Structures are given as C-alpha cells and as structure tokens.
Amino acid sequence: MAEKSFRILITGDKQDLASRLPKQSAHTSLEWIPVPVLQFEAIPVSKMALSRLSEVPVDWIIFTSPRAVRFWSQALLNEGYEMHTDTKVACIGERTALAADTDGFTPDFFPLLPGTEEFLAEFELTLKAQRRPATIIVPSAEKGRGDLQKSLLALGCQVLTLPVYRTKPIKNIQVPLTSEELADLDLLFFTSPSSVKAFTAQVPLPAGVPIGCLGTYTATHLKKMGVSSPRILPSADYERIGELLC
C-alpha cells in the first residue's frame, strides 16, 4: 500500500523556507508548495541616526527576524557605518541569531524558543541584572505591530524603533495549482497577517480545506476574515506540522 503524502501550500519564498520545512511527519511524507506572496524593499535610514549610533552606543539592539538583520546590515553598509562595539545584540529566536552571527553581529542573548513572548520572559531577567533603564534600538518593518516596543517601554526601557524595510504584496501571485488541486489540499498555511491579505486578495480560500498559521496574531486576522477555526502551529515549530494534519 502506497504511503499517503500530505500536500501543504505555504505562503512564503522557497529559499527562505527550504531549511525549515520537514519532509516527513511521523511516517507520512510531506509535499510543501511554497508560494511567494510578499516582496520587501529597503527604507533609507538617516545618516544622522546611523552616525550617532556608531559613536554613542545604546545598550542593546534587538533583531526580530533574519530579514531585519539583512536590511540593517544593508543600511550600515550603504552609508559606510559600523555599529558601536559596546552595543549588545539580542535576537528573537535561534534562526535570527544565526542570521545575525552570519552578518557579523555576534548575539549576546537569544532564547531557543521563537516568539516575542518567550523572548521577553527571558530578556526581562537580563534587564533587571543591568540595574538601570536600558537603551534599545529595534530595526523593524514599516508599520510593524509595535508589541515589542510597548512591552519594553513597560519594563522601563528607552526604545527607538527604526524602520529599515517595508512589506508589499506581489501583484501577480503565481500559484502552481489548478482550482481543483487547491480544493484537494490537506492544509493551506499562512505565515503572517500580511500574507493572508496578499493571498486572499487574488486567490479565494478553497472551501473545506483546513487553514493553518503561525501564531495567535495571524489566527486572529484569519478569524476576522471568517475562518472559524484556524489551526495554530505549536511553538512555531514546523517539525510539529503533523499535529495540524490530524
């Protein structure tokens, strides 16, 4: 008897997702179908801000994603500045820490589990050990959620959020499936609210196909769109995708 293969369409770039998506779950093979729905472009950062940060160190820079690392590195390189060596580096998650290390920003702090909540729970202890209000810069996406900044401000930190890139929907999404194949998917998985908006603006959600997502924020967005029971990936760990296929 042939082994069943589960087909999962996931919003995201194949190159970005390649190392994260398992090929099997338990004894079941997985066929992932990545569909890019978003594009990203750099936002110019003021030379004055970069110059000051290179001369007068803040206590911490917090990277929230590999993409934030990449665009921050690009901003420094474009203007010919380097981050002050006394500024410590914190990263949300191991994958972001790896990206920071690759770009020459040796991480001083990161939790093994991904997610803002896990980061804050551990980072708060580090801040308390400092015994004075921390100064922090957060390179971010334009019009980001701002949850991290609010939480850090509540802890008494001085926080500068610096937009370094913006997110835009791809105008012509290329879905390599027919409408019949879409309706036969085992799971349609969204990686962010932006990807939900971009995808559904061009492709109707197939009726009867289970919908999965990363995090409660994306789940809340899906519910507002009428998806009654989006399945949230536990701990944002793709190795646990099988729990959404039951």
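Placed above this text is the structure.
The rules behind these values
Residues numbered from 1 in each chain as written. Predicted model: local features only at pLDDT ≥ 70, side-chain atom pairs only at ≥ 80, totals over all residues. Heavy atoms only, no water. Pairing = 2+ DSSP bridges. Helix = DSSP H or I, 4+ residues; strand = E, 2+ residues; numbered from the N terminus. Axes fitted to C-alpha atoms, helices over the stretch in contact; angles between N-to-C directions. Contact = heavy atoms within 4.5 Å. Parallel < 35°, antiparallel > 145°, perpendicular 65-115°, else oblique. Left-handed = near helix turned anticlockwise from the far one by under 90°. Nonpolar A, V, L, I, M, F, W, Y, C, P; charged D, E, K, R; others polar. Salt bridge = Lys/Arg side-chain N within 4 Å of Asp/Glu carboxyl O. Buried < 20%, exposed > 50% of the residue type's maximum accessible area, 1.4 Å probe, protein only. Phe/Tyr/Trp six-rings, centres within 6.5 Å; stacked < 30°, edge-to-face > 60°. Lys NZ or Arg CZ within 6 Å of the ring centre and 35° of its normal. Core = buried A, V, L, I, M, F, W, Y, C linked by side-chain atoms within 4.5 Å.

Remark on secondary structure: sheet strands pair via backbone hydrogen bonds, oriented parallel or antiparallel. With mixed pairing, the five strands of this open sheet are ordered in space as β4-β8-β7-β5-β6. The open sheet terminates on both sides in strands that have one partner only, identified here as β4 (38–42) and β6 (88–91). Each adjacent strand pair in this sheet contributes to an overall mean axis angle of 25 degrees, direction not counted. Where strand β7 (residues 135–141) meets strand β8 (residues 158–169), seven bridges bridge the pair, whose relative direction is parallel. When the bridges of β8 are listed, Ile-137 appears paired with Leu-160. Contacting β4, β5 (60–63), β7 and β8, helix α3 (residues 66–79) runs over the sheet at an angle of about 100 degrees to β8. Contacting β5, β7 and β8, helix α6 (residues 147–154) crosses the sheet at an angle of about 175 degrees to β8.

All right, on to the packing of helix α5 (residues 116–130) against α6 then. For the pair α5 and α6, the least separation of the axes is 11 Å and the interaxial angle reads 25 degrees. Between α5 and α6, the angle falls in the class roughly parallel. In this structure, the crossing between α5 and α6 has a hand that is right-handed. Contacts between α5 and α6 pair Thr-116, Phe-119, Leu-120, Phe-123 and Leu-127 from the former with Leu-148, Ser-151 and Leu-152 from the latter. Residues of the contact of α5 with α6, tallied by class, amount to six nonpolar, two polar and no charged.

This next bit is on the pattern of salt bridges. Tallied over the entire structure, the rule returns nine salt bridges. Across the pair Arg-67 and Asp-16 runs a salt bridge, and its minimum N-O distance is 3.5 Å. Here the residue Arg-67 occupies a position in helix α3, and Asp-16 occupies one in helix α1 (residues 14–17), the gap between them amounting to 51 residues. Here Arg-166 and Glu-142 are joined by a salt bridge, their closest N and O atoms 2.9 Å apart. Of this pair, Arg-166 sits in strand β8 while Glu-142 is found in the loop between β7 and α6, placing the two residues 24 residues apart along the sequence. Judged by relative accessible area, which is 32%, Glu-142 ranks as partly exposed. Within the structure, one salt-bridge network assembled from shared partners comprises Glu-41, Glu-142, Arg-166 and Lys-168.

Scanning the entire structure with this criterion turns up ten aromatic pairs. When the centroid spacing of 5.0 Å and the interplanar angle of 85 degrees are considered together, the rings of Trp-60 and Phe-123 count as edge-to-face. Here the residue Trp-60 occupies a position in strand β5, and Phe-123 occupies one in helix α5, the gap between them amounting to 63 residues. Classification of Trp-60 as buried rests on a relative accessible area of 4%. In textbook terms, an aromatic cluster arises when at least three aromatic residues are bridged by ring pairs, as seen for Trp-60, Phe-109, Phe-119 and Phe-123. The residue whose ring lies beneath Arg-67 is Phe-40, and the NZ or CZ to ring-centre distance is 3.6 Å.

Among the nonpolar cores identified, the biggest contains 22 residues, and Ile-61, Phe-63, Trp-72, Met-83, Val-89, Phe-105 and Ile-137 are the most heavily contacted of them. Contributions of two or more residues to this core are made by α2 (47–55), β5, α3, β6, α4 (94–102), β7 and β8. Among the elements that take part in this core, α3 stands out by supplying five residues, more than any other. Setting aside residues up to four positions removed in sequence, Met-83 forms contacts with Ile-61, Trp-72, Leu-76, Val-89 and Phe-105. Counting residues in each nonpolar core, the second largest holds 21 residues, with Leu-38, Phe-199, Val-203 and Ile-211 among its members.

A positive phi is found at Ser-235, a non-glycine position, where the angle reads about 55 degrees. Relative to the helices and strands, Ser-235 is located in the segment after β11 (231–232). Although it is not a glycine, Ala-236 sits at a positive phi angle of roughly 50 degrees.

Before going further, it helps to spend a moment on the side chain of Ser-65. Here Ser-65 lies in the loop between β5 and α3. Given a relative accessible area of 16%, Ser-65 falls into the buried group. The residues touching Ser-65, leaving out its near neighbours within four places in the chain, are Thr-96 and Tyr-165.

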